[in-house]
Protein chains: 2
Amino acid sequence: MAHAVSPLAPKSIPNAPGLEGVRIATASAGIKYKGRTDLMVMVFDEPAAVAGVFTTSRCPSAPVDFCRANLVHGRARVLVVNSGNANAFTGKKGRESTAATAKAAAEAAGCEESEVFLASTGVIGEPLDVSRFSHLLGDLAKEAIPGRWREAAEAIMTTDTYPKLVTRQAEIGGTTVTVNGIAKGAGMIAPDMATMLSFLATDAPISAPVLQSLLREAVEPSFNSVTVDSDTSTSDTLLLFATGRAKGRGCPEITDAADERLGGFREALKGLLLDLARQVARDGEGARKEIVVTVEGALSDAAAKRIALSIANSPLVKTAVAGEDANWGRVVMAVGKAGEEADRDRLAIHFGDVRVAFEGERDPHYSEAAASAVMKREEIPIRVELGLGSGRWTVYTCDLTKEYVAINGDYRS
Amino acid sequence: MAHAVSPLAPKSIPNAPGLEGVRIATASAGIKYKGRTDLMVMVFDEPAAVAGVFTTSRCPSAPVDFCRANLVHGRARVLVVNSGNANAFTGKKGRESTAATAKAAAEAAGCEESEVFLASTGVIGEPLDVSRFSHLLGDLAKEAIPGRWREAAEAIMTTDTYPKLVTRQAEIGGTTVTVNGIAKGAGMIAPDMATMLSFLATDAPISAPVLQSLLREAVEPSFNSVTVDSDTSTSDTLLLFATGRAKGRGCPEITDAADERLGGFREALKGLLLDLARQVARDGEGARKEIVVTVEGALSDAAAKRIALSIANSPLVKTAVAGEDANWGRVVMAVGKAGEEADRDRLAIHFGDVRVAFEGERDPHYSEAAASAVMKREEIPIRVELGLGSGRWTVYTCDLTKEYVAINGDYRS
């Protein structure tokens, strides 16, 4: 079920530099796919600090439950990720699978099971057969070397059409630190669902509680502001590891989230997560256009975000963009249904730089030709001014095409 | 932009009997469409009691604002509905249009403007040119006769593929009364949005406050439990008129919502609204299958409804049904994202009579062949048992097909 690479893919996929204290290996374990890698092991030779955020689903996968439990210790020595099977909705067998994987991974890395982190993506409802890959973990942990970030990004893909990999640098107290991140987005293998996984590592010496605080802050305007189809996976997992090895190059240890020396790192982390999150939207199933929805002038940022998500999740808005139609009427509809304060007669709507609606009616100076030119772009900015307050938010999504329906509906027919 | 009649349309469209005190006329005013009716006038020779419910949109259309204001008086003499232009997001011009229509309608019916009710559906953002039809209202009010319900249902259609018309009878204190209803559903004319309009009338002598109470109660499990694409129109309007003429045949006047003699009427009204609402779902854009989602065992009916709507609005569930795929994994996902209490390991999911998942995993006795047979039906029942309480709700929707994307995205390309 190969799909053409998204027209919104980056022109070239970068590699990321090796990170001190992080070694990576991948393998083709044949969990479901043939002829590609589907297993990724990331080893931290000294315990790394770890932070994580997970799906809000009330029916999370077994690996999500497992990671949440281990996260309280804040220490990681090994991460094992498989694609091809999500180990979700697998009941007691799911817990047995995570326990068996954790045992094998702890032996492979020579660590405690509480220092193991796991993620799975792929088919759901199928028990995950750990015997397919548990025997590989020992050798992989030995073979793992720094710098294999691109291979890691490829091994965790499901029906992503390109690997997602970003690197950023920042200074902490005069020392350069690096943060690398990979992600996988909306993919589908019957009977499956979209799942977002993302793994980041840095050599910065930042304590687990500070890392958690930074991650929570950075995830709001990035991964928590991206939507493909409003459907929330049972498996969404974002983990950030910090090896602290930059300490050897004079980097100060950071143990307070309010430490001013974190400024550059905080921005780098936000930039990296936003880049990854937008890549996920741009590789949404069937996507041909990225839609960037900005709501301004709301009563609060939270209200702006809810209205922006209402627009970004509207099938009518998304199909209009697919049809290159500057259909501001549907934007009004989506504003109206969001349930937040809005005044029809103060609304202004822009597609790109073209103001199509103003003070509750069609802008009298609106040029159909200019709006059509905007709609032909790959990136469609939609901006709504509510004129009520100073709340503002931006959300990223993609258009809704027949290809989305084909990917998600046709494979049995 | 004609579309083939939905395969889920009724095999034959009934007419409804004439109602004492209700006269109907339709006309081709050429507001937007050619060669079809687009104007409907319903006249009540003596003031009818009236009840109404409207869109929850914060950006409602001008006619919705107008009806809300008049509803407080609870008396109706004339209803004017046009298709082809929604008079929504038309700012000050919108209010001028409703005022001008109300003036012309009041003159035509010889009543107060406070006794006029209006609805519009079609293009939004275009000023409604009242001069296209205001001069017709006088003659229409004169020509109007009872029994033209089917013509009324046809005149209010936009891209509905069939007229929606239901009639029911009930007894109140030994006298037979009738209630007729028409509706239009998800239609689309660029640049437009789905709009749901429905108008009901009865000869029962029921006071306006009682009528309002009955309507609020009956709308919850029907129109408020149907969704095509989760998008809420700016124009949704449901009005119920009671002429009271059955009083002449001995029917008692009802002025108390707790009156036990209302039992039969209450059930008839519920049945009629549910029938109309399901017809709207079955004529959803591109629909090939109706999906009936029932959630049982929730902590409350409200929780069951939210979970059922989460399933019914999920693009991944709807595309799976389009592909005739009994994809219970996506149902689990939609349960999980609804935000209501759910216990993954107690979930059971049925497609029709086939239990596909039980106690948080695939049902070991699940037959793929039996499930596939269910998915080939026109009506797909999905039932989720949460095992937590006694809350229960049913929601009606349709599948998401490429045709939906084509209707809503392709018309400009």
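Note that the structure is a prediction, hence the values are computed from the model and not measured.

A.B. asks: How would you summarise the environment of A:A204 if you had to cite specific residues and measurements?
C.D. replies: All names here are of chain A. Topologically, A204 is positioned in the loop between β7 (197-202) and α5 (208-219). Along the chain, A204 and G387 lie 183 residues apart, while their C-alpha atoms are 42 Å from each other. Those residues in contact with A204 that sit more than four places away from it in its chain are I172, V177, A242, T243, G244, A246 and F265.

A.B. asks: I'd like a rundown of the sheet that holds strand β14 (residues 391-398) of chain A, residues and numbers included.
C.D. replies: Residues and elements named next belong to chain A. In spatial order, the strands read β12-β11-β10-β13-β9-β14; together these 6 strands make up an open sheet with mixed pairing. Each of the sheet's edge strands pairs with one partner strand only, and the pair in question is β12 (361-362) and β14. Of the pairings in the sheet, the one linking strand β10 (residues 348-351) to strand β11 (residues 354-358) comprises 3 bridges and is antiparallel in character. Residue pairing across strands places F351 opposite V354, the latter belonging to β11. Sheet strands touched by helix α8 (residues 315-322): β9 (290-298), β13 (379-385) and β14. Its angle to β13, the strand with the most contacts, is close to 135 degrees. Helix α10 (residues 368-375) contacts β10, β11 and β13 of the sheet and is inclined by roughly 120 degrees relative to β11.

A.B. asks: Give me the packing of α5(A) against helix α6 (residues 263-282) of chain A: which residues, what numbers.
C.D. replies: Residues and elements named next belong to chain A. Axis separation between α5 and α6 bottoms out at 9 Å; the angle between their running directions is 45 degrees. Between α5 and α6, the angle falls in the class oblique. Handedness of the crossing formed by α5 with α6: right-handed. Here L214, L215, E217, A218 and V219 of α5 lie close against α6, whose contacting residues are F265, R266, L269, K270 and L273.

A.B. asks: Residue-level account of the UniProt feature "binding site: substrate" (unreviewed entry) in chain A, with values.
C.D. replies: All names here are of chain A. In the UniProt entry, the feature "binding site: substrate" (unreviewed entry) is given for T158, K184, T195, E285, N408 and S413. Looking at the secondary structure, you find T158 in the loop between α4 (149-155) and β5 (164-172). Secondary-structure assignment places K184 in strand β6 (residues 175-184). A distance of 3.3 Å separates a polar atom in the side chain of K184 from a polar atom in the side chain of T158.

A.B. asks: Describe in detail the pairing of β7(A), supporting the description with residues and values.
C.D. replies: Residues and elements named next belong to chain A. Judged by how many residues are buried, β7 sits mostly within the fold: 6 of 6 residues are covered. Across the two faces of β7 the burial is the same, with L197, F199 and A201 and S198, L200 and T202 all buried. For β6 and β7, the ladder comprises 6 bridges, and the chain directions are antiparallel. If you follow K184 over to β7, its bridge partner there is L197.

A.B. asks: Now, about the relation of the copies chain B and chain A: what can you tell me, with residues and values included?
C.D. replies: Both copies of the chain are tied together by a single rotation about an axis and a shift running along it. Least-squares fitting of chain B to chain A yields an RMSD of 0.0 Å, with the superposition described by an axial translation of 0.0 Å and a rotation of 180 degrees. The superposition of one copy onto the other is thereby described by a two-fold rotation axis. Distance from the rotation axis, computed per C-alpha, reaches its smallest value in chain B at B:K402: 2.5 Å. Here 99% of the contact residues of chain B are again contact residues in chain A; the copies associate through an equivalent surface.

A.B. asks: Kindly report on helix α1 (residues 62-71) of chain A, identifying the contributing residues and their values.
C.D. replies: Where burial is concerned, most of α1(A) is hidden: 7 out of the 10 residues are buried. Turning to α1(A), its buried residues are A:A62, A:P63, A:V64, A:F66, A:C67, A:N70 and A:L71.

A.B. asks: Outline the interface of chain B and chain A, listing residues and values.
C.D. replies: Taken together, the 70 residues of chain B in the interface contact 69 residues of chain A. Contact between chain B and chain A buries roughly 5600 Å² in total, counting both sides, with carbon and sulfur atoms accounting for 53%. Across the pair B:R95 and A:D345 runs a salt bridge, and its minimum N-O distance is 2.9 Å. With 8 residues, helix α9 (residues 328-337) of chain B is the largest single contributor of residues to the side of chain B that touches chain A. Tallied by class, the residues present in the side of chain B that touches chain A amount to 26 nonpolar, 22 polar and 22 charged.

A.B. asks: Could you give an account of the domain arrangement of chain A, naming the residues involved and the relevant values?
C.D. replies: Residues and elements named next belong to chain A. According to the domain assignment, chain A contains domain 1 (22-282) and domain 2 (290-409). Inter-centroid distance (C-alpha atoms) of domain 1 to domain 2 is 33 Å. With 14 residues of domain 1 in contact, the opposing surface of domain 2 contributes 18 residues. When the two sides are added together, the surface that domain 1 and domain 2 hide from each other amounts to roughly 1300 Å², 50% of it contributed by carbon and sulfur. If you sort the residues of domain 1 by the area they bury against domain 2, S225, T227 and R278 come out on top, with a joint share of 37%. For the pair domain 1 and domain 2, the number of links is 4 salt bridges. One salt bridge in this structure joins E290 and R282, with 2.6 Å as the shortest N-O distance.

A.B. asks: If you had to explain the sheet that holds strand β10 (residues 348-351) of chain B to someone new, which residues and values would you point to?
C.D. replies: Residue and element names in this part refer to chain B. Taken together, the 6 strands give an open sheet; going across it, the order is β12-β11-β10-β13-β9-β14, and neighbouring strands pair in mixed fashion. The open sheet has two free edges, formed respectively by β12 (361-362) and β14 (391-398), since each of these has just one partner strand. For strand β9 (residues 290-298) and β14, the ladder comprises 7 bridges, and the chain directions are antiparallel. Residue pairing for β14: T294 is matched across the bridge by T394. Packed on one face of the sheet, helix α7 (residues 301-312) meets β9, β13 (379-385) and β14 and runs near 25 degrees to β14. Sheet strands touched by helix α8 (residues 315-322): β9, β13 and β14. Its angle to β13, the strand with the most contacts, is close to 135 degrees.

A.B. asks: Any chance you could break down unusual backbone geometry for me, citing the residues and the numbers?
C.D. replies: Residue and element names in this part refer to chain A. With phi around 50 degrees, N87 is a residue other than glycine that occupies positive phi space. Assignment of secondary structure puts N87 in the loop between β3 (75-85) and α2 (91-109). The exposure class of N87 is buried, given its relative accessible area of 1%. Residues other than glycine seldom take positive phi values, yet E359 does so here, at roughly 50 degrees. In this structure, E359 sits in the loop between β11 and β12.

Cut-offs used in this document
Residues numbered from 1 in each chain as written. Chains lettered and ligands numbered in written order. Predicted model: local features only at pLDDT ≥ 70, side-chain atom pairs only at ≥ 80, totals over all residues. Heavy atoms only, no water. Helix = DSSP H or I, 4+ residues; strand = E, 2+ residues; numbered from the N terminus. Contact = heavy atoms within 4.5 Å. Pairing = 2+ DSSP bridges. Axes fitted to C-alpha atoms, helices over the stretch in contact; angles between N-to-C directions. Parallel < 35°, antiparallel > 145°, perpendicular 65-115°, else oblique. Left-handed = near helix turned anticlockwise from the far one by under 90°. UniProt positions renumbered as here; feature names shortened; annotations may be inferred. Polar contact = N/O pair within 3.5 Å; in protein donor to acceptor, adjacent residues only side chain to side chain. Buried < 20%, exposed > 50% of the residue type's maximum accessible area, 1.4 Å probe, protein only. Least-squares fit on C-alpha atoms with pLDDT ≥ 70 in both. Buried area = accessible area lost by both parts, 1.4 Å probe. Salt bridge = Lys/Arg side-chain N within 4 Å of Asp/Glu carboxyl O. Nonpolar A, V, L, I, M, F, W, Y, C, P; charged D, E, K, R; others polar. Domains from an automatic or database assignment.

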